[in-house]
Amino acid sequence: ILKYAATAIIAVCLTLAYQHFANGEKPTQRKMVANGPYHGIDVSKFQGTIDWERVAEDENIQFVYIKASEGSSSVDSRYKENFRKAKKAGFKVGSYHYFLGWKPAKEQFDNFNRYIDRSKQDLIPMVDVELTGNKNVSRELLQSRLAEFMQLVKDEYGKYPLLYSQYRFYNDNLAPEFNKYFIFIARYSNKEPVLKGEGKYNIWQFSEKGRIAGIKGHVDLDRFANGTTIADIEL
């Protein structure tokens, strides 16, 4: 009886394993180039429905950041679909939160943290801090709440988040106090970003009008800089 029971258990396990992979849960093994013209993209619901299998044919893309949440209660309606399909397509994927300085940091962190699945994250979280949503917030309040948010991420994930911001807004409102973190700067120009004070940026979003097969319309294109590699942003 024990022999037959053991055989039955093995058969069930093999069947479940087959179904697991047959359902497409096993990530695709992608080819990637080491030094392409760009290294990553970031997306949100504004990109609409994305064909991640076609996007995965682009060997330049080493990482993908997907918008998860905003402020204290808003979430991106396409986040979970995008995250699941990007992972299935073989990408290293991270999640980001759009930060509003007029909202308490703890409320925003809780909104982000309960919406994402921590166990499936490949990359450190990212926090997006822009003029929109923060133009009426004082420099002092913005810095105080952002520092609290970043510490909450560090306490929960073991690493500080990647800090994304616009070139001018960052230098006017966050530099040089935040230069010690991993910095992701948007500057749509042929000129590289230069941070105010000591420190260098790590990722440069050099275009907001990229074209990638599988994505309708434009998408942001991101490039590693100053010796940064994918290993530096892995969780």
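In short, a report on the structure. Residue numbers run consecutively from 1 along every chain, following the written order of its sequence. Owing to the predicted nature of the model, reporting of local features is limited to residues with pLDDT of at least 70; listing and counting of side-chain atom pairs is limited to 80 or more, with chain, interface and lining totals taken over all residues. Only hydrogens and water are removed before side-chain values are computed, so all heavy atoms of the structure are retained for them.

Focus: the nonpolar core
Within this scheme, the nonpolar core is defined by two criteria: the residues are buried Ala, Val, Leu, Ile, Met, Phe, Trp, Tyr or Cys, and they are joined through side-chain atoms within 4.5 Å. Classification of residues uses two cut-offs on accessible area relative to the type maximum, computed with a 1.4 Å probe and protein chains only: under 20% is buried, over 50% is exposed, and between them is partly exposed. One finds Ile 41, Trp 52, Phe 91 and Leu 163 to be the most contacted residues of the largest nonpolar core, which totals 51 residues. Numbering of helices and strands runs from the N terminus; a helix is a DSSP stretch of H or I covering at least four residues, while a strand is a stretch of E covering at least two. When residues of this core are assigned to their parent elements, the largest contribution, seven residues, is made by helix α5 (residues 139-157). Whether two residues touch is decided by their heavy atoms; if any such pair falls within 4.5 Å, the residues are in contact. Not counting chain neighbours up to four residues away, the residues in contact with Ile 41 comprise Trp 52, Val 55, Ile 61, Phe 63, Val 64, Tyr 65, Ile 212, Ile 215, Val 219, Asp 220, Leu 221 and Asp 222. In this structure, Phe 63, Met 126, Leu 162 and Ile 233 belong to the second largest nonpolar core, which totals 14 residues.

Considering the packing of helix α4 (residues 105-115) against α5
A packed helix pair is summarised by two numbers, namely the angle formed by the two axes and the spacing between the axes. One way to put it is that α4 packs onto α5 with a least axis distance of 9 Å and a crossing angle of 40 degrees. On the basis of the axis angle, α4 is oblique to α5. For the pair α4 and α5, the sense of crossing is right-handed. Between α4 and α5, the contacting residues are Ala 105, Lys 106, Gln 108, Phe 109, Phe 112 and Asn 113 on the first element and Arg 145, Glu 148, Phe 149, Leu 152, Val 153, Glu 156 and Tyr 157 on the second. Classifying every residue of the contact of α4 with α5 by side-chain character gives seven nonpolar, two polar and four charged. As a rule, the C-alpha atoms of each element are fitted with a line to give its axis, helices using only the stretch in contact, and angles between N-to-C directions run from 0 to 180 degrees. Convention used here: angles under 35 degrees read as roughly parallel, angles over 145 as roughly antiparallel, angles from 65 to 115 as roughly perpendicular, and any remaining angle as oblique. With the far helix as reference, a near helix turned anticlockwise by less than a right angle produces a left-handed crossing, and one turned clockwise produces a right-handed crossing. Residue classes follow a fixed rule: Ala, Val, Leu, Ile, Met, Phe, Trp, Tyr, Cys and Pro count as nonpolar, while Asp, Glu, Lys and Arg count as charged, and any other residue, Gly among them, counts as polar.

A closer look at the side chain of Asp 222
Structurally, Asp 222 can be placed in strand β9 (residues 219-224). Only four residue types enter the charge count, namely Lys and Arg as positive and Asp and Glu as negative; His and the chain termini do not. Salt bridges are counted wherever a side-chain nitrogen of Lys or Arg sits within 4 Å of a carboxyl oxygen of Asp or Glu. Of the side chains bearing the opposite charge, Arg 223 lies closest to the buried Asp 222, which forms no salt bridge; the N-O distance is 9.4 Å. Sequence-distant contacts of Asp 222, that is, excluding residues within four places in its chain, are made with Tyr 38, His 39, Gly 40, Ile 41, Asp 42, Phe 63, Phe 184, Ile 203, Trp 204, Gln 205 and Phe 206.

Some remarks on unusual backbone geometry
For the bond running from Ala 175 to Pro 176, omega is -5 degrees, close enough to zero to count as cis. Along the chain, Pro 176 falls in the loop between α6 (167-173) and β7 (183-186). Within the chain, Asn 226 stands out as a residue other than glycine whose phi angle is a positive 55 degrees. Summarising the element assignment, Asn 226 is placed in the loop between β9 and α7 (230-233).

This is a description of form; function is not addressed.
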